[in-house]
Amino acid sequence: MTFRPYLLRYAIIAMLTLIISGCELVDWKAKHDKDALSDAGYQEHFLPLKEGGTIKYWVGGSGEPLLLLHGFGGTAISTWKNEMLALNQHYQIIAPDLPWFGDSYSEGTPNLTTQTEAVWQILDALDIEQVNVAGISYGGFVTYNMMTKPERVKKGVIIASPGPLFSDDDLADLCVRAGVDQPENLFVPENQQEVRRLFEHVFVEPKKMPDFVAEQIYDSYFSPYKNEKRLLIQSLNVDRDRISHYPPAQLPPSLLIWGDSDQIFPLKNGISLSQYMNSAIIVIPNTGHGVTNEQPETVTKLLKSYIG
């Protein structure tokens, strides 16, 4: 078998093109995911917020409404794409980029209340009076906050998020595990090395990424609105104390989903929240904090079973 010289030349050109355009690889992936959602019937919407700013959200499918809320640093697509493509056959899916993430921005105060009120504005614009909601990590805090209006939430699913049951000692232990002085130093990376550090604590199997990919992830997902993101983390203690005053017995029905190897909010936090809320908890083996990315098929099945 003879290897033709022109094939080698094309291969070399393709490799050089990939290296030169490597810094655009993450953007290409995001565009590819957007195209996949559009092909599945999803539509992108931008809603002006009452307090100033704009929130982006995706809507697709039909049936009972199901709201999907992403975690800190993520977006609707980066967190929920696989689930969105599977669940829109059964539900009307609403998946926003929360303010200061992705393509959303608010002129309100960076805290849990502003995030939650922005989501209510989406549902009001869609004339959705009652919704099922699932949120992971920071999106789980928004989910819990929404559930304090039980007349508007039919069922809640909280994934890897402790609600009001994380203590200052829990945060101190997290800082020790991550080797940082403050939680915001973990969740708001300042460079590609710190992006890697965050990913090492989010996923069971660390994501291997070249320098140019880590740099592009930083530029796309963490560099914008860094001050607001840090304030969101710093204000969580106040938000925790506020939502802790709501009687858990008055919350709507809920399900908890947790990875057994979560390094951000360990499983003990999930068990405590399960007892506090009198909710079932599903523990997924060999799974870290990034449950929706690590186990999308399992999460899809659990949501269909519980919501349906």
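Bear in mind that the values here come from a model prediction, so they are computed numbers and not experimental data.

Q: Describe the overall build of the protein, with residues and values.
A: The helix and strand inventory of the protein stands at 14 helices and nine strands. Rg of the C-alpha trace for the protein: 20 Å, near the compact-globule value of 19 Å for 308 residues, within the 12% margin. Projected onto its principal axes, the C-alpha coordinates of the protein cover approximately 75 × 45 × 40 Å. Within the protein, the proportion of its 308 residues that are buried is 52%. By sequence separation, contacts in the protein at least 24 residues apart represent 69% of the contacts at least 6 residues apart. Total accessible area on the protein stands at roughly 14,100 Å², and carbon and sulfur atoms take up 53% of it. Averaging the coordinates of the 25 positive side-chain charges in the protein and doing the same for the 37 negative ones gives two points 6 Å apart.

Q: Run through the packing of helix H2 (residues 25–39) against helix H3 (residues 76–87), naming residues and quoting values.
A: Contact pair H2 / H3: the axes reach a minimum separation of 11 Å and the direction vectors enclose 30°. With respect to each other, H2 and H3 are oriented roughly parallel. Along this stretch, H2 crosses H3, giving a crossing that reads as left-handed. Taken together, the residues of H3 that come into contact with H2 (itself represented by Lys29, Asp33, Lys34, Ala36 and Leu37) are Ile77, Lys81, Met84 and Leu85. The residue inventory of the contact of H2 with H3, partitioned by class, reads five nonpolar, no polar and four charged.

Q: Explain the environment of Gly139 to me, and be specific about the residues and the numbers.
A: Locating Gly139 in the fold gives a position in helix H5 (residues 138–147). Accessibility expressed as a relative area gives 0% for Gly139, which makes it buried. C-alpha separation for the pair Gly139 and Ala160, spaced 21 residues apart in sequence, amounts to 9.5 Å. In this structure, Gly139 is in contact with Leu69, His70 and Gly71, ignoring residues within four places of it in sequence.

Q: Describe a nonpolar patch on the surface, listing the residues and the values that go with them.
A: Residues Leu25, Trp28 and Phe212 make up a contiguous nonpolar surface patch of about 300 Å² in total accessible area. Of note, Phe212 is situated in helix H9 (residues 211–222).

Q: Go over helix H6 (residues 168–178), please, and point to the residues and values.
A: Inspection of H6 places Asp170, Leu171, Leu174, Cys175 and Ala178 among the buried residues, and these make up the whole buried set. The arc that holds every buried residue of H6, seen down its axis, measures 140°, which confines them to one face. More than 90 degrees from the buried face of H6, the exposed residues found are Asp169 and Val176. Within two residues after H6, Gly179 carries a phi angle of roughly 70°, on the positive side.

Q: Give a detailed account of unusual backbone geometry, specifying residues and quantitative values.
A: Positive phi values are uncommon outside glycine, yet Trp100 reaches one of about 75°. Looking at the element boundaries, Trp100 is found in the loop between strand E4 (91–96) and strand E5 (105–106). Although it is not a glycine, Ala160 sits at a positive phi angle of roughly 55°. With respect to the helices and strands, Ala160 occurs in the loop between strand E7 (153–159) and H6. Judged by its relative accessible area of 0%, Ala160 is buried.

Parameters at a glance
Residues numbered from 1 in each chain as written. Predicted model: local features only at pLDDT ≥ 70, side-chain atom pairs only at ≥ 80, totals over all residues. Heavy atoms only, no water. Helix = DSSP H or I, 4+ residues; strand = E, 2+ residues; numbered from the N terminus. Rg over C-alpha atoms; globule rule 2.2 N^0.38 Å. Buried < 20%, exposed > 50% of the residue type's maximum accessible area, 1.4 Å probe, protein only. Contact = heavy atoms within 4.5 Å. Areas by Shrake-Rupley, 256 points an atom, 1.4 Å probe, with all protein chains shown as cover. Lys, Arg positive; Asp, Glu negative; His and termini not counted. Charge placed at Lys NZ, Arg CZ, Asp CG, Glu CD. Axes fitted to C-alpha atoms, helices over the stretch in contact; angles between N-to-C directions. Parallel < 35°, antiparallel > 145°, perpendicular 65-115°, else oblique. Left-handed = near helix turned anticlockwise from the far one by under 90°. Nonpolar A, V, L, I, M, F, W, Y, C, P; charged D, E, K, R; others polar. Patch = residues over 30% accessible without salt bridge, like charges linked within 9 Å, V, L, I, M, F, W, Y side chains within 5 Å. Salt bridge = Lys/Arg side-chain N within 4 Å of Asp/Glu carboxyl O. Arc of directions from axis to C-beta.

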